[in-house]
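# Coordinate analysis (summary)
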Amino acid sequence: MNYADRNQVEDMREQLEAQLRPALTCECPAVADEDVIPMGGNGRDGRFFASVNESTKPAEDLWWLWLGRCQTCRTDWLIAQEERIYDDFFVVRVTPETADAIRNVAHWPQRWLTYEGVLRTWRTLSRPCRFLDYMAPSLLWTVEDIRRGRPDITVAEMADLLGIEESHVKDILKYQCS
Ligand SMILES: [Zn+2]
């Protein structure tokens, strides 16, 4: 096939999916080692979480992070969910050794232990939502969380993580102080 032709590529993708999907007993084989699964939308999250259940959560209040296990193929997945700015699940296939270290001695990967770390990962992989509400609670909570994690974070860094203008961040900070 001609890979430069988008229609041919899309057509081939559909043909392959029609051939391969009925054989899948879980979604895992169709998920990359590091993958972004949007919440809602195309239904990929529903298929993935039909067999992947929570296996353990961090003891601290890290509500965005958990370890899941597929009940069908026993694959362990590290899962971060971001439902304020990006509306995605970010999933990473982990080895049984890594999953055991998380379950037995709470050895969670460093990169997602702060909310800022989660947003930093997303910034490189996904696109932020556009907010219709200028002072959307999701934005206010997130600014609060990332400042709690690092009080000296700059306005420019926050604007980049949230995908909004610096002036918008300043207005949020002013609003929160008033
Ligand atoms: Zn599976």
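Preceding this paragraph is the structure being described.
Treat the numbers as computed from the prediction; the structure is a model and nothing was measured.

## Considering the nonpolar core
Nonpolar side chains in soluble globular proteins tend to be buried together. Counting residues in each nonpolar core, the largest one holds 35 residues, and the members touching the most others are Leu-65, Leu-78, Trp-112 and Leu-119. Elements with a minimum of two residues in this core: strand S3 (65–70), strand S4 (76–82), strand S5 (88–94), helix H3 (96–105), helix H4 (115–125), helix H5 (137–149), helix H6 (155–162) and helix H7 (166–177). Excluding anything up to four places from it in sequence, Trp-112 contacts Trp-64, Leu-65, Leu-78, Ala-80, Phe-90, Val-92, Gly-117, Val-118 and Thr-121.

## Observations regarding the coordination of the zinc ion
For the zinc ion, the full set of protein donor atoms is Cys-26 (SG), Cys-28 (SG), Cys-70 (SG) and Cys-73 (SG), at a range of 2.3 to 2.4 Å. The site at the zinc ion holds four donor atoms, and with the angles between them running 103 to 114°, its shape is tetrahedral. Sequence spacing among the residues donating to the zinc ion works out to C-x1-C-x41-C-x2-C. Highlighted residues: Cys-28 in the loop between helix H1 (6–20) and strand S1 (34–38) and Cys-73 in the loop between S3 and S4, separated in sequence by 45 residues. According to the relative accessible area criterion, Cys-28 is buried, its value standing at 2%. For Cys-73, a relative accessible area of 35% translates into the label partly exposed.

## Quick notes on the packing of aromatic side chains
The full count for this structure, using the stated rule, is eight aromatic pairs. Centre to centre, the rings of Trp-63 and Trp-64 are 5.4 Å apart; their planes meet at 85°, and the pair counts as edge-to-face. A residue is classified by how much of its surface remains accessible, and Trp-63, at 26% relative accessible area, is partly exposed. Residue classification places Trp-64 among the buried positions, given a relative accessible area of 6%. With centroids separated by 5.2 Å and ring planes inclined at 40°, the aromatic side chains of Trp-63 and Tyr-115 adopt a geometry described as tilted. With a gap of 52 residues between them, Trp-63 in the loop between strand S2 (52–56) and S3 and Tyr-115 in helix H4 connect regions that are remote in the sequence. Classification of Tyr-115 as buried rests on a relative accessible area of 3%. The structure contains a cluster of three or more aromatic residues connected by ring pairs, namely Phe-48, Phe-49, Trp-66, Trp-77 and Phe-89. The ring of Tyr-115 has Arg-84 sitting right over it, with the charged end atom 5.2 Å from the ring centre.

## What about unusual backbone geometry?
Phi at Arg-74 is positive, roughly 65°, even though this residue is not glycine. Along the chain, Arg-74 falls in the loop between S3 and S4. Despite not being glycine, Ala-106 shows a phi value in the positive range, around 50°. When you line up the elements, Ala-106 lands in the loop between H3 and H4.

Cut-offs applied
Residues numbered from 1 in each chain as written. Predicted model: local features only at pLDDT ≥ 70, side-chain atom pairs only at ≥ 80, totals over all residues. Heavy atoms only, no water. Core = buried A, V, L, I, M, F, W, Y, C linked by side-chain atoms within 4.5 Å. Buried < 20%, exposed > 50% of the residue type's maximum accessible area, 1.4 Å probe, protein only. Helix = DSSP H or I, 4+ residues; strand = E, 2+ residues; numbered from the N terminus. Contact = heavy atoms within 4.5 Å. Donors = N, O, S within 2.8 Å, 3.2 Å for Na, K, Ca; no water. Tetrahedral: all angles 85-135°; square planar, octahedral: opposite > 155°, others 65-115°. Phe/Tyr/Trp six-rings, centres within 6.5 Å; stacked < 30°, edge-to-face > 60°. Lys NZ or Arg CZ within 6 Å of the ring centre and 35° of its normal.

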